[in-house]
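Survey of secondary and tertiary structure
So the chains spell out like this:
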Amino acid sequence: MSIKSVMVIGAGQMGSGIAQVFAQSGFQVMLNDMNEEALDKGMQSIEKLLSRNVDKGRIEEEEKTATLSRLTPSLNLDDAESADLVIEAIVENMEVKTKVFSRLDKITPHHTILASNTSSLPITEIAAATERPEKVIGMHFMNPVPVMKLVEIIRGLQTSDETYETIQRVAGELQKTAVEVEDFPGFVSNRILMPMINEAIYTLYEGVASKEDIDSVMKLGMNHPMGPLTLADFIGLDTCLYIMEVLHDGFGDSKYRPCPLLRKYVKAGWLGKKSGRGFYVYE
């Protein structure tokens, strides 16, 4: 199947990044969001990142102009009626996602593939909200999307080989490395990453070491580019908590129990960099 027109739903950091890499790779892209302010911010973010790449000599001005010409903002989900591929990149909430997929199922042509950028939720359950479960798949990009080379491709129970092969080919056209993952909670990336972050939070909670020293151990001793507590702040502590809850519920194993300190910070509104305070304070 040939993919020419793509809609990305959600103009946040992930959605705008996904839209950018598709547009840079020659696809016609609609960036959709129900919030006009969020949509404007997402489009401006793409233009700003492209301009920075021009200034740094990574791309030519002509490539920036061509990329922006392939991007169209959209406030109406009905615009998906012309898309060959729709990628959902909205809030990590199953009820919200299934409502969107159910509506997309009615709007889009029968050939359209419906993909989710979910970082932890089961694709099989999302697909069950549609009449085309064989055309529903997970396409989990890493943040920041224009920089990170990995895409997890998650097959639901009924995802067809044709759908998987199409998305694998598309990932290659985006210059991404695709890995095939079965539909288990957290997939591969977050099943490994989030328990590590959670254990780092437990280490702080139990007074084993300061946050700075915990991060230093992982940076200097394990050669991680940033410490787990700093990384948690960048991901968002609410997102970390939600994924740990998905893992805990999905596997029923106490090793995935979210640290009480993580819950306390989220309840306090200390969500990390986006709120100005998490494990560290941000200006």
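Residues numbered from 1 in each chain as written. Predicted model: local features only at pLDDT ≥ 70, side-chain atom pairs only at ≥ 80, totals over all residues. Heavy atoms only, no water.

As recorded in an unreviewed UniProt entry, the chain goes by 3-hydroxybutyryl-CoA dehydrogenase and comes from Oceanobacillus piezotolerans. Listed in UniProt under the heading Sequence similarities (unreviewed entry), the comment for the chain reads: "Belongs to the 3-hydroxyacyl-CoA dehydrogenase family." Under the UniProt heading Pathway (unreviewed entry), the note attached to the chain is "Lipid metabolism; butanoate metabolism." (UniProt positions renumbered as here; feature names shortened; annotations may be inferred.)

1. A short note on the domain arrangement of the chain
As far as domains go, the chain holds domain 1 (5-182) and domain 2 (190-273). Here domain 1 and domain 2 have C-alpha centroids that lie 27 Å from each other. Opposite the 7 residues of domain 1 that make contact, domain 2 presents 4 residues. Each partner contributes to the roughly 440 Å² buried at the junction of domain 1 and domain 2, and carbon and sulfur atoms together form 53% of this total. Of all residues in domain 1, the largest losses of buried area upon contact with domain 2 belong to Glu-92, Ser-119 and Ser-120, amounting jointly to 68% of the total for that side. (Domains from an automatic or database assignment. Contact = heavy atoms within 4.5 Å. Buried area = accessible area lost by both parts, 1.4 Å probe.)

2. Describing the packing of aromatic side chains
Two measures describe an aromatic ring pair: the distance that separates the ring centres and the angle between the ring planes. Counted according to the given criterion, the structure contains 6 aromatic pairs. For the pair Tyr-265 and Trp-270, a centre-to-centre distance of 5.0 Å together with 70 degrees between the ring planes defines the contact as edge-to-face. According to the relative accessible area criterion, Tyr-265 is buried, its value standing at 15%. Centre to centre, the rings of Tyr-265 and Phe-279 are 5.1 Å apart; their planes meet at 40 degrees, and the pair counts as tilted. Here Tyr-265 is found in helix H11 (residues 260-267), whereas its partner Phe-279 is found in the segment after H11, with 14 residues between them in sequence. Its relative accessible area of 5% is what places Phe-279 among the buried residues. Members of the aromatic cluster, connected to one another through ring pairs, are Tyr-265, Trp-270 and Phe-279. Geometry around Tyr-280 places Lys-211 over its ring, the cationic atom sitting 5.6 Å from the centre. In this structure, Arg-277 packs its charged tip against the face of Trp-270, placed 3.8 Å from the ring centre. (Phe/Tyr/Trp six-rings, centres within 6.5 Å; stacked < 30°, edge-to-face > 60°. Buried < 20%, exposed > 50% of the residue type's maximum accessible area, 1.4 Å probe, protein only. Helix = DSSP H or I, 4+ residues; strand = E, 2+ residues; numbered from the N terminus. Lys NZ or Arg CZ within 6 Å of the ring centre and 35° of its normal.)

3. Some points on the sheet that holds strand E8 (residues 177-182)
As summarised here, the arrangement of the 8 strands in space is E3-E2-E1-E4-E5-E6-E7-E8, forming an open sheet in which the pairing is mixed. Two strands lie at the open edges of the sheet, namely strand E3 (71-74) and E8, each paired on one side alone. Each strand of the sheet is rotated relative to its neighbour by a mean of 25 degrees, with strand direction disregarded. Pairing geometry for strand E7 (residues 150-155) and E8, over 6 bridges, is parallel. Residue pairing for E8: Glu-152 is matched across the bridge by Val-179. (Pairing = 2+ DSSP bridges. Axes fitted to C-alpha atoms, helices over the stretch in contact; angles between N-to-C directions.)

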